[in-house]
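Secondary and tertiary structure notes
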Amino acid sequence: ISSIDCRRYTLHDLTEKICEAGFEIERESYLDFFVYFPTTLIRLIDIFKSKFFKGKSERLKTDFSLNINLMRFENFVIKKLAFPIGINVFVKAKK
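All of the points below concern the structure found in this document. Given the structure is predicted, the values throughout are model-derived calculations rather than measurements.

1. Topic: the overall build of the protein chain
In terms of helices and strands, the protein chain carries 3 helices and 2 strands. Seen in sequence order, the protein chain has helices and strands lined up from the N terminus as α-β-α-α-β. Out of the 95 residues belonging to the protein chain, those deemed buried represent 20%. For the protein chain, long-range pairs separated by at least 24 residues make up 81% of all intrachain contacts whose partners lie at least 6 apart in sequence. Surface summary for the protein chain: the accessible area is close to 8,000 Å², and the carbon and sulfur share equals 60%.

2. Quick word on the packing of helix α2 (residues 33-52) against helix α3 (residues 64-77)
Interhelical geometry of α2 versus α3 gives an angle of 145 degrees and a closest axis separation of 8 Å. Along its contact with α2, which presents Phe33, Phe34 and Val35, the element α3 presents Asn67, Leu70, Met71, Phe73 and Glu74. For the contact of α2 with α3, the residue count by class is 6 nonpolar, 1 polar and 1 charged.

3. Examining the packing of aromatic side chains
This structure, assessed with the given rule, holds 6 aromatic pairs. Ring geometry for Phe34 against Phe73: centres 5.3 Å apart, planes inclined by 55 degrees, an arrangement best described as tilted. With Phe34 in helix α2 and Phe73 in helix α3, this residue pair connects regions lying 39 residues apart in the sequence. For Phe34, a relative accessible area of 24% gives the class partly exposed.

4. Examining α2
The α-helix advances 3.6 residues per turn, and as a result positions three or four apart in sequence lie on the same side. Taking 1.5 Å of rise per residue, the 20 residues of α2 would be expected to cover 28 Å, and the 29 Å separating its terminal C-alpha atoms lies within 8% of that figure. Those residues of α2 not exposed but buried are Phe33, Val35, Thr39, Ile42, Asp46 and Lys49. Contacts from the buried residues of α2 go to β1 (24-31) and α3.

5. Here we look at α3
Helix length check: α3, at 14 residues, gives a terminal C-alpha distance of 20 Å against a target of 20 Å (1.5 Å per residue), a fit within 8%. Buried residues of α3: Asn67, Glu74 and Val77, and no others. The buried residues of α3 all sit within an arc of 85 degrees when viewed along its axis, so they share a single face. Turned more than 90 degrees away from the buried face of α3, the exposed residues are Phe64, Arg72 and Phe76. Next to the buried residues of α3 lie β1 and α2.

Parameters at a glance
Residues numbered from 1 in each chain as written. Predicted model: local features only at pLDDT ≥ 70, side-chain atom pairs only at ≥ 80, totals over all residues. Heavy atoms only, no water. Helix = DSSP H or I, 4+ residues; strand = E, 2+ residues; numbered from the N terminus. Buried < 20%, exposed > 50% of the residue type's maximum accessible area, 1.4 Å probe, protein only. Contact = heavy atoms within 4.5 Å. Areas by Shrake-Rupley, 256 points an atom, 1.4 Å probe, with all protein chains shown as cover. Axes fitted to C-alpha atoms, helices over the stretch in contact; angles between N-to-C directions. Nonpolar A, V, L, I, M, F, W, Y, C, P; charged D, E, K, R; others polar. Phe/Tyr/Trp six-rings, centres within 6.5 Å; stacked < 30°, edge-to-face > 60°. Expected span 1.5 Å × (residues − 1). Arc of directions from axis to C-beta.

If you want it as structure tokens, here you go:
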């Protein structure tokens, strides 16, 4: 089951809420670990540019094919590992 929510949760907060609802956690991890670093760098550069350079500046973007390949690799790796940071969270639970 997937949920689209406007709130932002840390992995700890989300697993806590799921346990309080009576579910047992089977697996938990952050997702988009490999995309996290380029995304964070681009966001920091955008913040820097907007603070120090007035006027409209073009947003930096990551290469779409690079993101897809990183996500494919992550989908392979996540079967064995849990990532400590990422852009999204993933929790598998059962009643």
